[in-house]
Protein chains: 2
Amino acid sequence: MKIRFWPASLSSSLSSIAAVTVILASSVSFSQMSPSSVTFTNNLMPRPASLTATDGGFVLTPEFRAAATHFDDPRLDGAIHRALLQIRQRTGVPLPAKAAPAGTEAQLTLAVQGAGEKIQSIDEDESYSLAVTSSGARIEAATVVGAMHGLETLVQLVQPSGSDYVLPLVSIKDSPRFRWRGLMVDCGRHFEPMDVLKRTIDGMAAVKLNVFHWHLTEDQGFRIESKLYPRLTGIGSNGLFYTQQDAKDLVAYARARGIRVVPEFEMPGHSTAWQVAYPKLASGTPPPAVRTQFGIAPFALDPTREETYQFIARFLGEMATLFPDAYMHIGGDETPAPDWKTNPRILAFMKAHHLKDSPALQAYFNTRVLKILTGLHKHMVGWDEILNPALPKDIVIQSWRGEASLAKGAEQGYQGILSAPYYLDAMKPAATHYLADPLPSSSPLTPEQRKRVLGGEVCMWAEQLDEHTIDSRIWPRTAAIAERFWSPENVTDVDDMYRRLNVVSIQLEGLGLRHLSHEDAALRSLAGTQNIDQLRTFASAFEPVSFHDRYQEQRTSQLTVLNRFVDAVRPDPPSRYRIAKLTQSFLKAPQSDTADQAALNQWFEGVSNSVPAVEQQMKHSPLLAEAQTRAEQLPGLAKTAAEAIHLLSTGAKAPAGWKAGKLSEIETAKKPSAVVRFTFIDPLTSLVNAVQE
Amino acid sequence: MKIRFWPASLSSSLSSIAAVTVILASSVSFSQMSPSSVTFTNNLMPRPASLTATDGGFVLTPEFRAAATHFDDPRLDGAIHRALLQIRQRTGVPLPAKAAPAGTEAQLTLAVQGAGEKIQSIDEDESYSLAVTSSGARIEAATVVGAMHGLETLVQLVQPSGSDYVLPLVSIKDSPRFRWRGLMVDCGRHFEPMDVLKRTIDGMAAVKLNVFHWHLTEDQGFRIESKLYPRLTGIGSNGLFYTQQDAKDLVAYARARGIRVVPEFEMPGHSTAWQVAYPKLASGTPPPAVRTQFGIAPFALDPTREETYQFIARFLGEMATLFPDAYMHIGGDETPAPDWKTNPRILAFMKAHHLKDSPALQAYFNTRVLKILTGLHKHMVGWDEILNPALPKDIVIQSWRGEASLAKGAEQGYQGILSAPYYLDAMKPAATHYLADPLPSSSPLTPEQRKRVLGGEVCMWAEQLDEHTIDSRIWPRTAAIAERFWSPENVTDVDDMYRRLNVVSIQLEGLGLRHLSHEDAALRSLAGTQNIDQLRTFASAFEPVSFHDRYQEQRTSQLTVLNRFVDAVRPDPPSRYRIAKLTQSFLKAPQSDTADQAALNQWFEGVSNSVPAVEQQMKHSPLLAEAQTRAEQLPGLAKTAAEAIHLLSTGAKAPAGWKAGKLSEIETAKKPSAVVRFTFIDPLTSLVNAVQE
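Rules used throughout
- Residues numbered from 1 in each chain as written.
- Chains lettered and ligands numbered in written order.
- Predicted model: local features only at pLDDT ≥ 70, side-chain atom pairs only at ≥ 80, totals over all residues.
- Heavy atoms only, no water.
- Helix = DSSP H or I, 4+ residues; strand = E, 2+ residues; numbered from the N terminus.
- Buried < 20%, exposed > 50% of the residue type's maximum accessible area, 1.4 Å probe, protein only.
- Contact = heavy atoms within 4.5 Å.
- Areas by Shrake-Rupley, 256 points an atom, 1.4 Å probe, with all protein chains shown as cover.
- Lys, Arg positive; Asp, Glu negative; His and termini not counted.
- Charge placed at Lys NZ, Arg CZ, Asp CG, Glu CD.
- pLDDT = per-residue confidence, 0-100.
- Domains from an automatic or database assignment.
- Buried area = accessible area lost by both parts, 1.4 Å probe.
- Salt bridge = Lys/Arg side-chain N within 4 Å of Asp/Glu carboxyl O.
- Polar contact = N/O pair within 3.5 Å; in protein donor to acceptor, adjacent residues only side chain to side chain.
- Nonpolar A, V, L, I, M, F, W, Y, C, P; charged D, E, K, R; others polar.
- Pairing = 2+ DSSP bridges.
- Axes fitted to C-alpha atoms, helices over the stretch in contact; angles between N-to-C directions.

S.K.: Before we move on, can you summarise the overall build of chain A with the specific residues and values?
M.R.: Regarding its fold elements, chain A presents 28 helices and 19 strands. If one aligns the C-alpha atoms of chain A with their principal axes, the spans along those axes are about 85 × 80 × 65 Å. For chain A, buried positions account for 62% of its 693 residues. If you take every contact in chain A between residues at least 6 apart in sequence, the share linking residues at least 24 apart comes to 75%. A total of about 24100 Å² of accessible surface is found on chain A, and carbon and sulfur atoms cover 55% of it. Side chains of chain A give 69 positive and 73 negative charges; the mean places of these two sets differ by 2 Å.

S.K.: Requested: an account of the confidence of the model for chain A, with residues and values cited.
M.R.: Residues and elements named next belong to chain A. Model confidence for chain A is summarised by a mean pLDDT of 93, while 95% of its residues fall at 70 or above. For residues 1-35, every residue scores under 50 in pLDDT, and the model assigns this stretch 71 contacts once sequence neighbours within four places are set aside. Overall fold confidence for the complex sits at a pTM of 0.94, while the interface term, ipTM, reaches 0.93.

S.K.: I'd love a proper account of the domain arrangement of chain A, names of residues and values included.
M.R.: Residues and elements named next belong to chain A. When its domains are assigned, chain A resolves into domain 1 (10-174), domain 2 (180-489) and domain 3 (517-690). Inter-centroid distance (C-alpha atoms) of domain 2 to domain 3 is 37 Å. Taken together, the 25 residues of domain 2 in the interface contact 20 residues of domain 3. Approximately 1800 Å² of surface area, both sides summed, lies buried where domain 2 meets domain 3, with 55% of it carried by carbon and sulfur atoms. When the buried surface of domain 2 facing domain 3 is broken down by residue, Met-427, Gln-464 and Arg-473 rank first, second and third, together holding 34% of it. If you look at where domain 2 meets domain 3, you find zero salt bridges. In this structure, the connection of domain 2 to domain 3 is made through 11 residue pairs in polar contact (both at pLDDT 80 or more). Elements that contribute at least two residues to the side of domain 2 that touches domain 3 include exactly α14 (430-434) and α16 (470-474). In terms of residue class, the side of domain 2 that touches domain 3 is built from seven nonpolar, nine polar and nine charged.

S.K.: So what's going on with the sheet that holds strand β15 (residues 396-399) of chain A? Which residues, and what values?
M.R.: All names here are of chain A. Pairing in this closed barrel of eight strands is parallel, and the strands run β8-β9-β12-β13-β14-β15-β16-β17 around the ring. Neighbour-to-neighbour, the strand axes of the sheet open up by a mean angle of 30°, direction not taken into account. Relative to strand β17 (residues 453-460), strand β8 (residues 180-186) is paired through six bridges, and the arrangement is parallel. Bridge pairing in β17 links Met-184 to Cys-459.

S.K.: Would you mind going over the pairing of β17 of chain A in detail, with residue names and values included?
M.R.: The side chains of a regular strand alternate, residue by residue, between the two faces of the sheet. All names here are of chain A. Here β17 lies mainly inside the structure; eight of its eight residues are buried. Note: strand β16 (residues 415-418) against β17, three bridges, orientation parallel. Each bridged residue has a counterpart across the sheet, and for Gly-416 the counterpart in β17 is Val-453.

This is the structure:
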C-alpha cells in the first residue's frame, strides 16, 4: 500500500513479531481480575441438561490457546477455529484463531475420545461435558460431534465483566433429549442460493440442531441436478437448481458442523416437475409446465408402470451417491391424483392387485419405493400419508397432521418425527412453538412407544419466502424450538426464553444471518430513503399474517414479488411480547403500577406519532401505500389504549357505549389489510375489557 | 407442502396459467395513467453525458417484455435478466424476469450491433443511447457492454408516480469521459471471501465502473493459487487464498458485467510472502514469516539473479492463463530494500551493470519484468515508482503520489491512472473525492498529453478492513467517484450529488451490499442487545478517523480484531453533510432563519439526549466503553452548539471568555479518542466563531 504518511522509522520498529506482541498487549486491557467479581448470566440456548455455576471467571486474553489433548482431527480443528473466531469477534481479544497441535498446553483443552461415525447416524453420541475453572476450560466428549456442541456452549458462555471478557466458572453435563432435531427448508417453491443455506446451517449448529432436511423437489421446481435425467432440472426448473457439486459441498459443510443432510424427493404427488420433464411418468395427461401457482396439484406419478420404478430406482441410486445419510425422504403427502380414479388402465391395475382405493394404491407405490431404498441401504422417511399397515415398521413418519397422528403411528410401531406445531409460515410467536412438546410426559404412550418418537423438525415452507426474507422467517424463532428439542422437558419458562432469545439472536447475526438487519433494509427500499426512523417505529407494531391468510388476501404465486411491507416486518417482533407482558403486569394493579402505565403510554404514543411521517412517505411509494389503512387505524387504536389506561389507572368508569365502540374498532382492526397484523391486539382487547362501564 | 387449511376447491380453481394471470392482474393496480402526470426526478448516478426529459411516463405492468431486436447473446440476456429482477424487486410488478427471444415484440427493445470484444479492452465502445416513449423503451449500442450500461441507467430511471411505477420519458445519449474507471481492492492484508468480491462487482456495474483491480499479493499474504509454486499460498498465506477456479469464476463474473479484471502481483517490494515461501528469491536474509504487522517491509526480491526472472516468468505465464486482460499490474512501489545497499553481491552486480542506485536497480528489474510481460502480450501497469526513463512508453503509471506526478508522467509520454485523491481509507467525505478531477480542463497538459490520462482508480487498502466492514468503507462513496470518472467535467453540484447518492445507496443495498445495514448489526453486537435506538442516534454523530490516525492510536496489525465502535460507524455519515449545510444556511441569517435553527437544535438535542442510555450500555460492554470519553464530550459540545445558536439568533453578545473557552473545548474534542471523530466539529467551530463577543 501507498501510505504517504507512513513514518520512515516505522518499518524497523515493527520488524519483529515480538514488538508486535507487546504493542497488542498494551493496546487492549487484559489485566487479571479477581475471579469472584464475575457473576454468571445464563444466556445459553438451548439450556444444558445440567449446569452448576460458582462466582468467578476465567479472563480471556490474547494468550488464550485451544488444543485437543491427544487427538488431531480436521473436523475438530475446524470447529475450534470457528469457535475462536466467534470469540475474537465478540470480544476483540486478538487470540490466535487456530487450534494448537494436540497435546499443547492450552487454556481450552478438548479431551475427545474419537472422531465419531464416518456417516453421522441418529445414534451418534452427542453428549459432552464442559468445565470452566480459574485455570481454563475443558471439554470432554466421546465424539467430535459432542465436542462441537461443547464448543457452541463455550462461545455462548463468553460474557463481559468489568473491562474484560470472561468465561464464567461453570460445570456442565449435557446431552440432547431427542436424537432427531431438524429444520426443513423448502427449496422447491423458491430456490435459495447456496450461501443462504450455508448460513442457515451455521445458525443450526449454533443452537445444536442436527438434521438439515432439504426439500429438493416440488410442483414448482426440481432443484437437484441429475446427470442420468438432465431434463429434471433442464425442463423441470426455471434454471435455478443445485449442481451435484453443490450438494456434495453442502453435505460436507453440514457434516463439519455435526449436521446430517436428509434429502427429500417428493413422490408420487407434488411431482409436477418430474412429469413436465418426463411425461411418461405421469398418471394421466402430463402437466403443461412447471407450476407457478401453489396449492395441491392434480398430478401424480403413475404407480402402475414398471418404467416408473425403474426411473425412480436409477434416480435414487444416483442421489445416494450424493447423500450419504441413512435416511431418504420420499414425501408422499397430498396425492389427490384424479387420474387414479378415472384412468381405465390404472383402475384395471388396482383391481388386478386388489387395491381398493387411492390410499391403497399409494401404499403399493410406497412398498415398491421402499424396496428400492432398502436396496440402497436407506431408511424411508415420509409425511403422514405414508403410514399404512402395508408398510413395515422401519419407516419413519414425519407428522404434519399433529401430535395425535404421531402418537397413533408410535402405537402401531412406527418411528416418528413431529412437525405440526413447528410450521414457521403460520407466523406464530416463538412462545407458541416453544411450548409444543413432541413427547410430553403426560402422553399415554408406553415407554417402548415413546422411544419411537425420534424428535422434531421445524418446517420452513417457501410459498411466500425468498432469499431476502428467509432469515427473518427462520430466525430467531427456530432457536427457541431447538431448545425444545434439546433441553429437558421442564425447561419452559417463556420469559427466560425470550430474554435468552434476544441474546442468541445477535449471536446468530454475527454468523452472517440477516434476520434483524433485513427489516430496516427492506423499509429503506420500500420508502426509497434512508430516513426511516419513523417508519421503523411504525413497522415495529406489525407482524406478517399467516401463510394461509396471506394466500387468501393476495393469491400469492411463484411470480409474486416478495417486496411488500409484510415482507419487511418480522414474525413475533419484540413489541408483541413486550406489550403483552406490560399489559399483564399493569392489569394486576392498574391504580398503582405507574411504571408499566408509563411504559405502555410511551409505546402507544410513539407508534401513533410515527404515522404522519409514514403517511408522507406513502405518498411517494406505491408499495408502502399498501399499508395506508393500517396507518389510518393505528392512531385510533393507540388513543383507545391511552383512554383505557387512563380509566383503569384512575379507577373511573367509561361512558356508556365506550366499551362496545372500542371493541368494535378492534374487530375492524383484526380484519385483513396489507397482509399484516397489529402485534398488540390481544393486550389492547384486555385493556378495554378491564375497564368498568 | 402440507397446508392444513388449503381449501379443497383450490387446486382446480388454480389449475390453469390463465386463471393465475387474471388473479395477478387484479391483485395489483396497473391502470394506465395519463403520461403527462409524471414529472421526471433525475436520480441517475453517474449522470449521463446528455439527457432530455419531457413530462410523462411509461407505466410498468406485468406485461412488460424485454428483447433484443435481432441479436441473441448470452451476456446480453444475463444483463437483461438482472435488470428485470431489479425492476421487479423495486416495484413489485411481477413482470417476467427473462429476456424474450430476439425479435419478439417488446416494451423494452435492445438494438445492439455486436457482442463486443472477446477480451474487453480499454477501447471497447461503451456508449449507448436510451429513449423512453409512451410506447416503451429502446436502448441502442454498438456493443453488449454499451447496452449493459444502458440497462443500468434504465433501472435507475424507474420511479413511482401515483399508484404506479413508471419509466419517465427521456432521451439519453451517453458515453464515458474516461476509458479506465477502476476500483482496487487489497485482498492481501485481509482476505475477502468470493461473495464479498462478487457483490462489490455488482455495485461497480451499477455505477458503470469497468476495471476491478485485484491486489492479490502482499507482505501479509499471497492470495492466488499457483500450481507451479504451491508454497506461495501454502507457506505464504494464512490458508486464505483464491483457487485458480475462483479466479476464473471472478473474471467471468466481471466480464458478464462489462468489467475487466486487472490482477496485481507486487514486486520487487511488498513481497515478503513470496520470499517466505521461496527464500531463494530474497535479496538478503529471507523474512522469518509472513508479516502480521503493517508498514513497509525491508525485504525485496533479488533483482540480480537470473533464477528470480525465471521464477517470475513461469509464475506470470501461469497467471496469464487465468487473467485474460491485456494489462498486468506489477506493483513496484515502496521498495526500500536495505540489502540493495549492503549485499556485496548486489553491489557488485550494480557496478557491473552501471546501476548507480536502488531506483536504477529497480528500473533494471522492471525492464526485465517488462520483457516477460511483453512476451505474454501484456501491458505493464505499476505504481509511481516504476516511472523511469529506462522504461519504454507503453507502460501505465498508477499514481498514488498525486496529480503532479501523473502530469509529469504524461509529459514524459507515459500513460497514467490517477489514484491519489481516491484513497477510501483516508475516510474523507464523498464530496472531497468527488471534486478531485483526474484531468481538469485547467491542466496545462497538451491535447496529446491529455490523451495519456486513461482515467482513475478508487483504492480500498485493507489494513483496517475485513469482510464485515468492507462494504461501508467502499460504498456509497465509490458511487460518487464513479460519477467523476464517467460524467462530464462540469457535473460538480455537491448538493445534487448527495441527494442522488442517498438514492443509489439504497439501490446498492438491494444488490446485496450491506454498507447501510452493517452499522446497526455492529452496534447490536457491541451493545449485546437489540435495543439500540439511543446508541444508533449516538453513533450517527461519529465517523472513523483516517487509516493513519487509527494506526497511530491503535497500532493495528493483521491480528487486530476489527469489531470496535470505529468499525461500526461509517465514513461520511449523513449527519456530516446535513449539519454542515444547516449551519451554512443558518449563518446567512441567524436572526430570522428559524427553520434551520430549529433543525440544528433538534439534532444536537437528540444526540446529546442519547448519552445517558449509551453510558448505561457501556457498563455492560468493554468494547463499547472504549467510546466513554466521546460520550462524556458530546453533551458539552451539544450545549455549546445550543448556546451559540441562541446567541446568534438573538443577536446577543457572548460573555467575556466564552468564545475562547468553547474553542478550547472543541480543540480537546478534536484529539484522538476511540479512533472516531465527531462529524460536526467544523460547523460547530463556525457557529462559535460567528458569535460576537
